[in-house]
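Examination of the molecular architecture
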Amino acid sequence: MDFGFDVISAEEYERQRELYGPLTEALRKLIGAGIHTEVDEDIVREAQSAIEAATEMLQRRQRTVRSTLRHEDTGRPLAWANPAIGLRNAIAPPMAIHHEDDGECWSEFSLNAVYEGPPGWVHGGICALVLDHILGEAASEGLTRPKFTGTITLKYLRGTPLGRLRAEAFIERIDGFKTFARGYLKDAEGVTVEAEGVFIQPAWARNAG
């Protein structure tokens, strides 16, 4: 399956990032506030009405085209609805992926109780989401050569605490259309989760570019 791309200029990218980034962060805070609030019934209903009114405002004009934006200068796709890193997806962990010249990808970020599994700990599925994405970015060479998860194996060494974390990934080797990648999720004490995966270049991308 091929994907359509709309090219976006660096200037328009920055405009949208500055506009929608704060909106997404406000929505993240709203989700957290909804989880922990203990206000009385009247305030809950008042807040619900305000949220419904804001939702109606945002629904007045909706994007209907499902194609992914591609940055004109870097060539990288900007999947802003992506549940792992989408700038406009409030459920996405607040990750910004950095790409080193040697191919390593890394991100440092904080996870709060929105991503909690056991009390005080990150849900294991969120750890998997983070690592699957960052391994995929490494395997896809910054998403310029798309490869999709074939298999991924995770080893949970210990619980991952809420708070400041680091995710990193790199390519181990490439065998034809398969790329083997490895990565880690870490807290201040060291590695909490190890991951290794095989990422497959789809048939439609093998002769592209």
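Residues numbered from 1 in each chain as written. Predicted model: local features only at pLDDT ≥ 70, side-chain atom pairs only at ≥ 80, totals over all residues. Heavy atoms only, no water.

Right, let's get into the overall build of the chain. In terms of regular secondary structure, the chain is built from three helices and nine strands. For the chain, the succession of helices and strands along the chain, N to C, is β-α-α-β-β-β-β-α-β-β-β-β. Counting across all 209 residues of the chain, residues that qualify as buried make up 31%. Across the chain, contacts joining residues at least 24 apart in sequence account for 62% of those joining residues at least 6 apart. (Helix = DSSP H or I, 4+ residues; strand = E, 2+ residues; numbered from the N terminus. Buried < 20%, exposed > 50% of the residue type's maximum accessible area, 1.4 Å probe, protein only. Contact = heavy atoms within 4.5 Å.)

Let us look at the sheet that holds strand 9 (residues 190-200). Read across the open sheet, the six strands follow the order 4-5-7-8-9-6; overall the sheet is antiparallel. If you trace the sheet from one side to the other, it starts and ends with strand 4 (98-99) and strand 6 (148-156), each paired once. Note that strand 4 and strand 5 (residues 105-111) share two bridges and pair antiparallel. In the strand pairing of strand 5, His99 is matched with Cys105. (Pairing = 2+ DSSP bridges.)

Tracing the backbone shows Ile8 in strand 1 (residues 5-8). With 70 residues separating them along the chain, Ile8 and Leu78 place their C-alpha atoms 9.2 Å apart.

Next up on the list: the nonpolar core. With 23 residues, the main nonpolar core has Phe109, Leu111, Val130, Leu131, Ile134, Leu135 and Leu185 as its most contacted residues. At eight residues, the largest contribution of residues to this core is made by helix 3 (residues 124-139). Among residues more than four places away in sequence, those in contact with Leu111 are Pro93, Pro94, Val122, Ile126, Leu162, Gly163 and Leu165. (Core = buried A, V, L, I, M, F, W, Y, C linked by side-chain atoms within 4.5 Å.)

Under the definition given, this model contains one aromatic pair. Centre to centre, the rings of Phe170 and Tyr184 are 6.5 Å apart; their planes meet at 35 degrees, and the pair counts as tilted. With Phe170 in strand 7 (residues 163-175) and Tyr184 in strand 8 (residues 178-187), the pair connects residues that are 14 residues apart, well separated along the chain. We classify Phe170 as partly exposed; its relative accessible area is 30%. The ring of Phe180 has Arg173 lying over it, and the distance from NZ or CZ to the ring centre is 3.8 Å. (Phe/Tyr/Trp six-rings, centres within 6.5 Å; stacked < 30°, edge-to-face > 60°. Lys NZ or Arg CZ within 6 Å of the ring centre and 35° of its normal.)

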